[in-house]
Amino acid sequence: MASFPFLLQVHSGHNQVELSYNGQHLEFDAPDLNGNRTIHTVEILNITLQEQTLSIAVCVPKAGPKSESALEAFQFQVKNQTQAAQWQANVLGHVYKDVKRSKHFKILVNPFGGQGHAKKLWEHIAEPLIKAAGCTYDLTYTTHRYHAKEIAKDLNIRQYDAVVCVSGDGVVHEVINGLMERQDAIIAHKLPIGAIPGGSGNALSFSLLGEDHGAHVGNATLGVIKGRAMPVDLCSVTQGNGRFFSFELQSFGLIADVDLGTEHMRWMGEARFTVSAVGKLLSQATTGCELAYIPVETNIKRIHEQYNEARQTPVVWADQTHDELDANHPSIVDKFGGVTDSFRQEDGWVVENDEYITVVGAKTPWISKGSITNPAAQPNDGCIDLLVFPKDIGRVAGLAVMIGVETGEHVFHKDVRYMKVKAFRVSPKASSGFISMDGEHTPYQPYQVEAHRGLVSVLSIEGRYARSMKQ
């Protein structure tokens, strides 16, 4: 392949234009509608060449680097079709290096998600981008709870390159559990999942794209189109005699109350989480439970160091890893037993009985915009990040902690406990309350959570979550 930049001389009307691809973006100086020449720096989706017309579909920020990306199309005239065809092949070959072009997706849209806006977000932003990139899809609008799970259980997975959820995290949760319950889960769990934000929380999208772009449908769609399968840990959750899987968070106490006890405040959008959390912290409400966990690291300074070290290491993609499901191991085995089993001393369980404001296990750093509850969480480190707010946080300290949640700084507060664990168990003392698994209502009874490394994959351009902890 030729060296960068890849250059091509074209025309726009009577104006000569040089197209320059530098390995990351396409740059060109072309006249706008008023005849003024403007430098464009854009992300390429697709390039087509028909006779002497070169058409380029691009994704470009609407108003600066922190704004949402949107679809634009440019057409140029070429004189040398052979040179143009070679330039097209060179550029697209690099743009989609190691990534399949023209993917075929199963799209699931929750029309009730995001205050009912998900359908419009799909039709007005995501769908045009996917079509412009030359991708194809089969579309289903979910109609009821567990509809996405039903679809995932029966899906002909060999027909698709990924399942894409235009929704909040609930549909992703359903898809994962549907895939994991299949008889061919050994194969099905390898089908990548794409996340396009269309709900209230959008934890996965924020974790992939960061605070500035986590709610941007255009940027998320670009990640689906150009993304590669990144391995992501799953947590098995045992409760009673049943088991299911969680990819995001498992919360008890304040965070669960805020997540599930504010359904009547959905009209407020993402602000409902903050408003409710502040009110509950000021009330100093606590919830009793037996908390047990198997620690890996409990020192926040060391956790911080390990986080920064991990971000310096090369990313590992799903096709470069091996997980615990294969022909010789057709089902997931929980090494530390289930919630009804006795603790084994050799596993290293630590057991506490106390009152807590909240206990949150998580595999994603963000749970919503402005809420980085578990900032050291990484997609595939094999650990659960366990956050504990003890009972003795006062009102002033509690407000400081809540402010810190916006940036992830709360984990450094002296009254907050943050640790990496292999597994944990929560056994509530009260008879009623809220327990949230990936934002879904879960029975108020004891549960045990265990991490399983790299069991599913998510489409990602970067191959890691956005930075959520300071350097």
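Here is a short report on the structure shown in this document. Within each chain, residue numbers correspond to sequence positions counted from 1 in written order. Local features in this predicted model are restricted to residues whose pLDDT is 70 or higher, and side-chain atom pairs enter the listing and the counts only when it is 80 or higher, whereas totals over whole chains, interfaces and linings include all residues. The basis for the side-chain values is all heavy atoms of the structure; hydrogens and waters are excluded.

### What to know about helix 3 (residues 118-132)
What counts, and what does not: Secondary structure counts use DSSP, requiring at least four H or I residues in a row for a helix and at least two E residues in a row for a strand, with both numbered from the N terminus. One less than the number of residues in a helix, times 1.5 Å, gives the span that helix is expected to have. Values of bend correspond, residue by residue, to the angle between axes fitted over the seven residues ending at that residue and the seven starting there. Whether a residue is buried, partly exposed or exposed follows from its accessible area with a 1.4 Å probe, protein chains only, as a fraction of its type maximum: under 20%, in between, or over 50%, in that order.
The first and last C-alpha atoms of helix 3 sit 20 Å apart over 15 residues, in line with the 21 Å expected at 1.5 Å per residue. Of all the bends in helix 3, the largest measures some 40 degrees and sits at alanine 126, one to four residues before the proline proline 128. Every buried residue of helix 3 is listed here: Ala118, Trp122, Ile125, Ala126, Glu127, Leu129 and Ile130. Glycine 134 sits one or two residues past helix 3 and shows a positive phi near 85 degrees.

### Re the side chain of serine 468
Mapped onto the elements, serine 468 comes out in the segment after strand 20 (447-460). Serine 468 gets classed as buried once you look at its relative accessible area, which sits at 4%.

### Overview of helix 4 (residues 147-154)
What counts is decided by this rule: This arc corresponds to the set of directions leading from the helix axis out to the C-beta atoms. Here, two residues are considered to be in contact whenever any of their heavy atoms come within 4.5 Å of each other.
The complete set of buried residues in helix 4 reads His147, Ala148, Ile151 and Ala152. Projection of helix 4 onto a plane perpendicular to its axis shows the buried side chains occupying an angular sector of 135 degrees, all on one side. Along its buried surface, helix 4 packs onto strand 7 (104-109), strand 8 (136-141) and helix 5 (169-180).

### Considering unusual backbone geometry
Between phenylalanine 4 and proline 5 the backbone carries a cis peptide bond, its omega angle lying at -5 degrees. Position of proline 5 among the secondary structure elements: in the segment before strand 1 (6-12). Even without glycine at this site, aspartate 98 takes up a positive phi of about 65 degrees. Tracing the backbone shows aspartate 98 in the loop between helix 1 (81-95) and strand 7. Assessed through its relative accessible area of 55%, aspartate 98 is described here as exposed. For asparagine 202, which is not glycine, the phi torsion reads 60 degrees and is therefore positive.

### What about the packing of aromatic side chains?
Any pair of aromatic rings gets described here by the distance separating the centres and the angle formed by the planes. We apply this condition: Centres within 6.5 Å make a pair out of two Phe, Tyr or Trp rings, where for Trp the six-membered ring is used; the pair is then stacked when the planes are under 30 degrees apart, edge-to-face when over 60, and tilted otherwise. By definition here, charges over rings are those cases where NZ of Lys or CZ of Arg is within 6 Å of the ring centre and within 35 degrees of the ring normal.
Here the structure, examined in full by the defined rule, presents 10 aromatic pairs. Note on tryptophan 122 and tyrosine 137: the rings are 5.3 Å apart at their centroids and 90 degrees apart in plane angle, and the pair reads as edge-to-face. Taken together, the residues span a long stretch of sequence, with tryptophan 122 in helix 3 and tyrosine 137 in strand 8 at a distance of 15 residues. Here the aromatic residues Phe4, Phe6 and Tyr21 are joined through ring pairs into a cluster of three or more. Cation over ring: lysine 470 sits above phenylalanine 412, and NZ or CZ is 5.0 Å from the ring centre.

### Here we look at the pairing of strand 13 (residues 249-253)
Worth spelling out the cut-off: Strands are labelled as partners when DSSP assigns at least two bridges between them.
Buried residues dominate strand 13, accounting for five of its five residues. The pairing of strand 13 with strand 15 (residues 350-362) spans five bridges and is antiparallel. For serine 251, the partnering residue across the bridge sits in strand 15 and is valine 360. For strand 13 and strand 18 (residues 435-437), the ladder comprises three bridges, and the chain directions are antiparallel. What sits directly across from phenylalanine 252, in strand 18, is isoleucine 435.

### Examining the pattern of salt bridges
Just so we agree on the cut-off: Salt bridge, as used here, is a side-chain nitrogen of Lys or Arg placed within 4 Å of a carboxyl oxygen of Asp or Glu.
Inspection of every chain in the model, using the stated rule, returns 25 salt bridges. Between aspartate 138 and lysine 106 there is a salt bridge, with the nearest N and O atoms lying 2.7 Å from each other. Note that aspartate 138 is positioned in strand 8 and lysine 106 in strand 7, a separation of 32 residues in sequence. The class for aspartate 138 is partly exposed, based on a relative accessible area of 32%.

### Describing the packing of helix 4 against helix 5
Put simply, the rule reads: Think of each axis as a best-fit line through the C-alpha atoms, taken over the contacting stretch in the case of a helix, with angles from 0 to 180 degrees between the N-to-C directions. Handedness of a crossing follows from how the near helix is turned relative to the far one, being left-handed for an anticlockwise turn of less than a right angle and right-handed for a clockwise one. Polar here means any residue outside two lists: the nonpolar Ala, Val, Leu, Ile, Met, Phe, Trp, Tyr, Cys and Pro, and the charged Asp, Glu, Lys and Arg; Gly therefore counts as polar.
Relative to each other, helix 4 and helix 5 sit at 35 degrees, their axes nearing to 7 Å. In terms of crossing hand, the pair formed by helix 4 and helix 5 is right-handed. Contact residues: helix 4 offers His147, Ala148, Lys149, Ala152 and Lys153, while helix 5 offers Val171, Glu174, Val175, Asn177, Gly178 and Leu179. Grouping the amino acids of the contact of helix 4 with helix 5 by side-chain chemistry returns five nonpolar, three polar and three charged.

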